[in-house]
Amino acid sequence: MLFFSYFKDLVGREVTVELKNDLAIRGTLHSVDQYLNIKLENSRVVDQDKYPHMLSVRNCFIRGSVVRYVQLPPDGVDVELLHDATRREARGS
């Protein structure tokens, strides 16, 4: 639940989602659920030359099980908050 809570705080921010098939999509995070399924708005493919058929996609839903990485904006990462939450979760509090 740690990551779900963290991603909920990033709604409205721009993120890049890299999928397990090497497709990377950048867009505004619209919503995320407990399975880390992600909905992006105003999305665009990072490598448009490699995936020209994806140029017309503007909104997309990404199943959490196909996500490899989520790249966050540098100013969107509160490292201290993540450290504290990770410690609490490790202790079982």
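Now for a look at the structure at hand.

The rules behind the values
Residues numbered from 1 in each chain as written. Predicted model: local features only at pLDDT ≥ 70, side-chain atom pairs only at ≥ 80, totals over all residues. Heavy atoms only, no water. Helix = DSSP H or I, 4+ residues; strand = E, 2+ residues; numbered from the N terminus. Buried < 20%, exposed > 50% of the residue type's maximum accessible area, 1.4 Å probe, protein only. Contact = heavy atoms within 4.5 Å. Salt bridge = Lys/Arg side-chain N within 4 Å of Asp/Glu carboxyl O. Pairing = 2+ DSSP bridges. Axes fitted to C-alpha atoms, helices over the stretch in contact; angles between N-to-C directions.

A closer look at the side chain of Ser43
Then, in step 1: Of note, Ser43 is situated in strand β3 (residues 38-45).
Then, in step 2: Residue classification places Ser43 among the buried residues on the basis of a relative accessible area of 2%.
Then, in step 3: In this structure, Ser43 is in contact with Ile25, Arg26, Gly27, Val57, Arg58, Asn59 and Cys60, ignoring residues within four places of it in sequence.

Describing the pattern of salt bridges
Here the idea is simple: oppositely charged side chains can pair when their charged atoms come close.
Then, in step 1: For the structure shown, the criterion picks out four salt bridges.
Then, in step 2: With its nearest N and O atoms 2.9 Å apart, the salt bridge here joins Glu18 to Arg68. With Glu18 in strand β1 (residues 14-19) and Arg68 in strand β5 (residues 67-71), this residue pair connects regions lying 50 residues apart in the sequence.
Then, in step 3: The network of salt bridges with common partners includes Glu18, Asp22 and Arg68.

Thoughts on unusual backbone geometry
Then, in step 1: The phi dihedral of Asp22 is positive, around 75°, even though this residue is not glycine.
Then, in step 2: Within the chain, Leu36 stands out as a residue other than glycine whose phi angle is a positive 65°.
Then, in step 3: With respect to the element layout, Leu36 can be found in the loop between β2 (24-32) and β3.

So, the sheet that holds β3
Strand pairing in a sheet relies on backbone hydrogen bonds. The paired strands run either parallel or antiparallel.
Then, in step 1: If you walk across this open sheet you meet the five strands as β4-β3-β2-β1-β5, and the pairing is antiparallel. Two strands in the sheet have a free side with no partner beyond their single neighbour: β4 (60-62) and β5. Here the average twist between neighbouring strands, direction ignored, is 45°.
Then, in step 2: Strand direction decides the pairing type here: β3 and β4, joined by three bridges, are antiparallel. Its bridge partner lying in β4, Lys39 is registered against Phe61.

Side note on the pairing of β1
Then, in step 1: β1 sits mainly inside the fold: five of its six residues count as buried.
Then, in step 2: By the bridge criterion, five bridges tie β1 to β2 in an arrangement that is antiparallel. Across the sheet, Thr16 pairs through a bridge with Arg26, a residue of β2.
Then, in step 3: Two elements, β1 and β5, share four bridges in a ladder whose sense is antiparallel. For Leu19, the partnering residue across the bridge sits in β5 and is Val67.

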